[in-house]
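# Structure assessment
So you can see what is in the structure, the chains are spelled out below.
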Amino acid sequence: MTFAGVNDLLGYWIFGAQFCDTWVAFDVMCSTASILNLCAISLDRYIHIKDPLRYGRWVTRRVAVITIAAIWLLAAFVSFVPISLGLHRPDQPLIVEDNGKKYPTCALDLTPTYAVVSSCISFYFPCVVMIGIYCRLYCYAQKHVKSIKAVTRPGEVAEKQRYKSIRRTKPQEKKKFKVRNLHHSSPYHVSDHKAAVTVGVIMGVFLICWVPFFCVNIVAAFCKTCIGGQTFKILSWLGYSNSAFNPIIYSIFNKEFRDAFKRILTTRNPWCCHQDIGNIHPRNSDRFVTDYAAKHVVAMNSGRSSAELEQVSAI
């Protein structure tokens, strides 16, 4: 992004022709790795919701490291191999003229074949997978919220009976009890709403940042004069911005990601964090919904409802 900023501000490339191909390769590799990592995260959430009790055994530190390494190797293969072979751009050099002087430039001037293949691997295939997984994930979340409602009905009946036994108390005390009773039933609606908001924000920001760029990227490969240079630069930086939004989005909407960021950022200062840094997964007692009211439901109900609450919280 530093070299892209200098190139966009000056209007020409000052770092040499050889480094231009290296920069383009790194640009494609990092963008591809970012999107593929988001796809892997969606798969991780899906496994957590579908079978949370076996999640800790399936998604181990070794599996996570292998997955991350495979993603970066695939991203490097898509970028460095064809670019080093010169298959990514036309043969004619890119020159920009200013007041009669010619300056070299460096841009993603791709051949149609490479633009289509790289865009499919880097964006379109992962995008389809992410949309499918998050749709299934949201359906699972709604299903488990309904199951939790069915399991916790006996507790609600007990609360109603208790309410009948004290209905002759003072009006002020009855009002307090109504508020407290509503508080106990709210976690279902909170979890359902949170699932919808989380999925909507994650996919919405991802699509807004990357869809315009990858559509323009293919159009520009087939029609060199159809897309203006400034438009392509703006859409490129819009795609870059997605990498700035991701840590914020995932840490806000998921407690496990927040805890993971804390462990990573405080590794050199273990006195700041009293948790076990070596453990990639939180304890079972910490892997429930983050809503305080919902934790009370976990304590009231059977093991089945606890597992289902964990499935809802996995988003």
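Here is what the cut-offs are and how they apply
Every chain is numbered on its own, with residues counted from 1 as its sequence reads. Side-chain atom pairs in this predicted model are given and counted only at pLDDT of 80 or more, local residue features only at pLDDT of at least 70, and totals for whole chains, interfaces and linings cover all residues. Remark: hydrogens and water are excluded; side-chain values derive from all non-hydrogen atoms of the structure. Salt-bridge detection follows one rule: a side-chain nitrogen of Lys or Arg within 4 Å of a carboxyl oxygen of Asp or Glu. Each residue gets one of three labels from its accessible area relative to the maximum for its type: buried under 20%, exposed over 50%, partly exposed in between, using a 1.4 Å probe on protein chains only. What counts as a helix is a DSSP run of H or I of at least four residues, what counts as a strand is a run of E of at least two, and both are numbered from the N terminus. Should any heavy atoms of two residues lie within 4.5 Å, those residues are counted as being in contact. Whenever two N or O atoms come within 3.5 Å, that pair is a polar contact, provided that in protein one can donate a hydrogen and the other can accept it, and provided that, for residues adjacent in sequence, both atoms are side-chain atoms. Angular values range over 0 to 180 degrees, each being the angle between N-to-C directions of two axes fitted as lines to C-alpha atoms, with helices fitted over their stretch in contact. For classification, angles of less than 35 degrees are called roughly parallel, those exceeding 145 degrees roughly antiparallel, those between 65 and 115 degrees roughly perpendicular, and all remaining angles oblique. Helix crossings are classified by the rotation of the near helix relative to the far one: an anticlockwise turn of less than a right angle makes the crossing left-handed, while a clockwise turn makes it right-handed. Under this grouping Gly is polar, as are all residues other than the nonpolar Ala, Val, Leu, Ile, Met, Phe, Trp, Tyr, Cys and Pro and the charged Asp, Glu, Lys and Arg. UniProt positions are given in the numbering used here, feature names are shortened, and annotations may be inferred rather than shown by experiment.

## Looking at the pattern of salt bridges
Two side chains bearing opposite charge may form a pair once their charged atoms approach each other closely. Under the counting rule described, the total for this entry stands at four salt bridges. Where Arg-45 meets Asp-44, a salt bridge forms, and the shortest distance between an N and an O atom there is 2.7 Å. Neither Arg-45 nor Asp-44 differs from the other in exposure class; each is buried. Across the pair Glu-256 and Arg-45 runs a salt bridge, and its minimum N-O distance is 3.7 Å. Highlighted residues: Glu-256 in helix α9 (residues 255-265) and Arg-45 in helix α2 (residues 17-50), separated in sequence by 211 residues. An identical accessibility class is assigned to Glu-256 and Arg-45; each is buried. Connected through shared salt-bridge partners, Asp-44, Arg-45 and Glu-256 make up one network.

## Brief notes about the environment of Tyr-124
Looking at the secondary structure, you find Tyr-124 in helix α5 (residues 112-151). In sequence terms Tyr-124 and Val-211 are 87 residues apart; their C-alpha atoms lie 8.9 Å from each other. Excluding anything up to four places from it in sequence, Tyr-124 contacts Ser-119, Phe-214, Cys-215 and Ile-218. A polar side-chain atom of Tyr-124 sits 3.3 Å from the main-chain carbonyl oxygen of Phe-214.

## A closer look at the packing of α2 against α5
Contact pair α2 / α5: the axes reach a minimum separation of 9 Å and the direction vectors enclose 20°. It follows from the interaxial angle that α2 and α5 lie roughly parallel. At the point where α2 passes α5, the crossing takes the left-handed sense. Among the residues making up the contact of α2 with α5, the classes are represented as 18 nonpolar, four polar and three charged.

## Concerning the UniProt feature "transmembrane region" (unreviewed entry) in the chain
UniProt records the feature "transmembrane region" (unreviewed entry) for residues 23-43, 63-85, 114-139, 195-222 and 234-253 in the present numbering. Overall, residues 23-43 shows 100% helix and 0% strand. The separation of its end C-alpha atoms is 30 Å. The span residues 114-139 shows a helical share of 100% and a strand share of 0%, and its end C-alpha atoms are spaced 37 Å apart.

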